[in-house]
Amino acid sequence: MHYKIFASNNLITKSLAGDVEVVYTKQMNFDNQTIWLEINLGAIRRNIQRIHEHTQRPVMTVVKANAYGHGILEVSRTAIQAGAARLCVARIEEAIKIRNAGILAPILVMGYTTPERAVDAIRFGISLMVNLPDLASEYHKVAKQMNGRIAVHAKIDTGMGRLGVLPNDGCAFGKHIAGLDGLFFEGLFTHFASADEPAKQTTLEQISKFDQVIAELNTEGIRPQIIHAANSAASLYFPGAWYDAVRPGISIYGLHPSNDAPLPQEFEPSLTWKCRLSSVKTLPEGSGVGYNHSFVTSKPERIGAVAVGYADGLRRQPDNIVLIGGKRVKQAGGICMDQSMWLLEDNSSARAGDEVVLIGKQGEEHITAEEIGALWGTVNYEVVCGLTDRVPRFYIDE
Ligand SMILES: Cc1ncc(COP(=O)(O)O)c(C=O)c1O
């Protein structure tokens, strides 16, 4: 098969400064990989465009946490190509990494940045979240010392119980920011706690509290440039939350915000997680498998060892499944750091070197990040964010 590669995970990425599009095209061959991720950037680009078409708003794509495991630089470049208006991250270090790769698009750090690091906001042209009046004053001081200005987005806590001033303090907070000439009052935002739930009441109340703050600021003649609130679920299901821009994360990767807030059918997952069988052998009845022999064969069993472990992001849980030979296969024994063992049962043709799928399709079968999340008692977000750095990422554009 022929793929266009944008970048692989280290050397090629480093040679890819700026918004260069396609580095080279070559025959993709994963034969020498024992474990890898295939990330289809075309799917991410189309998902971003779908959100834009649906909301008719600029899309501020959330690329924090290594773009939900998908690769922060490659996804950032793709997002900008797709027409995204801004990149949103959680930490200043993530923003600097994007800048150092030569990506010039607007960036917002949505998490807390210490006043000491605010110098980097000016140096690198990065917008900062501000959640307290004192923090705004500190940023102002830094900006004055540097003879510059810091663009800030004021956070209102309308019901997340996390960052931001409470709605009753929102107007005074906004006035405080607007009075500090070291700051540029670029944005006002809030975050939803339950936009992915079937009951809409909590989100509607959050919208109404946010609207109240906007209205009070308006009477003071204050209107920040970008008012934003909508995560993926709100981008799909709450038009009243779209304001000047939307701020989706999980949906751009083609993953569902929740069972109750599913993506429309046309969205495409981007990530496939694969690895290889490294050994197939038949163990006699009564053989222990893995550390502490948590599995013991009750008859002669064909056991496959596979090159994936908890240090790659596969949880040390008892009931994992993978696809081998187009069939669902159960775990045998505990997940080790770098390897795991699987009960091949009727997979009689399985051989060392065969491809194993952890997330994605094989034949008629399919395992989703959502299914793994449910198996682990968590959400798909945690599954993809847990894919560790040592798993090589390969970028395709189909
Ligand atoms: C402040 C903020 N905005 C937007 C998002 C994107 O949310 P989602 O991935 O559900 O679209 C997140 C993600 O956690 C967030 O923390």
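Residues numbered from 1 in each chain as written. Predicted model: local features only at pLDDT ≥ 70, side-chain atom pairs only at ≥ 80, totals over all residues. Heavy atoms only, no water.

Novice: Could you clarify how one ought to interpret helix α2 (residues 41–55) in this entry?
Specialist: Note: α-helices contain 3.6 residues per turn, so residues at a spacing of three or four share the same orientation. The first and last C-alpha atoms of α2 sit 21 Å apart over 15 residues, in line with the 21 Å expected at 1.5 Å per residue. Where α2 is buried, its residues touch β3 (35–40), β4 (60–62), α4 (72–81), α10 (232–237) and β20 (393–396). One or two residues past the end of α2 sits Gln-56, with phi positive at roughly 55°. (Helix = DSSP H or I, 4+ residues; strand = E, 2+ residues; numbered from the N terminus. Expected span 1.5 Å × (residues − 1). Contact = heavy atoms within 4.5 Å.)

Novice: What is the right way to look at the domain arrangement of the chain in this model?
Specialist: Buried accessible area, meaning the area lost when the parts come together, often serves as the stated size of an interface. Per the domain assignment, the segments making up the chain are domain 1 (41–253) and domain 2 (271–367). One C-alpha centre belongs to domain 1, the other to domain 2, and the line joining them spans 42 Å. (Domains from an automatic or database assignment.)

Novice: Would you mind going over the packing of aromatic side chains with me for this structure?
Specialist: Both the distance between ring centres and the angle between the ring planes are used here to describe each pair of aromatic rings. By the definition in use, this model includes five aromatic pairs. Look at Phe-210 and Tyr-243: their rings are 5.2 Å apart centre to centre, the planes differ by 90°, and that puts the pair in the edge-to-face class. Of this pair, Phe-210 sits in helix α9 (residues 201–219) while Tyr-243 sits in the loop between α10 and β11 (271–283), and the two are 33 residues apart along the sequence. Summarising the burial analysis for this pair, Phe-210 and Tyr-243 share the class buried. Joined through ring pairs, the aromatic side chains of Phe-30, Trp-36 and Phe-394 make up one cluster. The ring of Phe-267 carries the charged tip of Arg-50 above its face, separated from the ring centre by 6.0 Å. (Phe/Tyr/Trp six-rings, centres within 6.5 Å; stacked < 30°, edge-to-face > 60°. Buried < 20%, exposed > 50% of the residue type's maximum accessible area, 1.4 Å probe, protein only. Lys NZ or Arg CZ within 6 Å of the ring centre and 35° of its normal.)

Novice: What is the right way to look at helix α7 (residues 133–145) in this model?
Specialist: Between its first and last C-alpha atoms α7 spans 19 Å; for 13 residues at 1.5 Å apiece the expected length is 18 Å, and the two agree. Along α7, the positions that sit buried rather than exposed are Leu-135, Ala-136, Tyr-139, His-140, Val-142 and Ala-143. Along the long axis of α7, the arc covered by the buried residues comes to 165°, so they all point the same way. Of the exposed residues in α7, those oriented more than 90 degrees away from the buried face are Asp-134 and Gln-145. Of the surrounding secondary structure, the elements contacted by the buried residues of α7 are α6 (118–124), β7 (127–130), β8 (150–155), α8 (167–178) and β9 (183–189). Remark: Asn-147 follows α7 within two positions and exhibits a positive phi of approximately 60°. (Arc of directions from axis to C-beta.)

Novice: Can you help me understand the site of the ligand in this one?
Specialist: Lys-64, Tyr-68, Ser-232, Gly-249 and Tyr-381 are the nearest of the 13 residues found near the ligand. His-191 places a polar side-chain atom, nitrogen or oxygen, 3.5 Å from a nitrogen atom of the ligand. Contact between the ligand and Tyr-381: an oxygen atom at 2.6 Å from a side-chain N or O atom of the residue. In the complex, the protein chains occlude 91% of the 390 Å² of accessible area that the ligand would expose alone. (Near = heavy atom within 4 Å. Polar contact = N/O pair within 3.5 Å; in protein donor to acceptor, adjacent residues only side chain to side chain. Areas by Shrake-Rupley, 256 points an atom, 1.4 Å probe, with all protein chains shown as cover.)

Novice: Explanation requested: the pairing of strand β17 (residues 340–343) in the structure shown.
Specialist: The side chains of a regular strand alternate, residue by residue, between the two faces of the sheet. Every second residue of β17 is oriented toward a common face, with Ser-340 and Trp-342 on one face and Met-341 and Leu-343 on the other, all of them buried. Relative to β17, strand β14 (residues 301–306) runs antiparallel, the two being bridged by four bridges. Directly across from Ile-303, in β17, lies its bridge partner Leu-343. Two elements, strand β16 (residues 327–331) and β17, share two bridges in a ladder whose sense is antiparallel. If you follow Gln-331 over to β17, its bridge partner there is Trp-342. (Pairing = 2+ DSSP bridges.)

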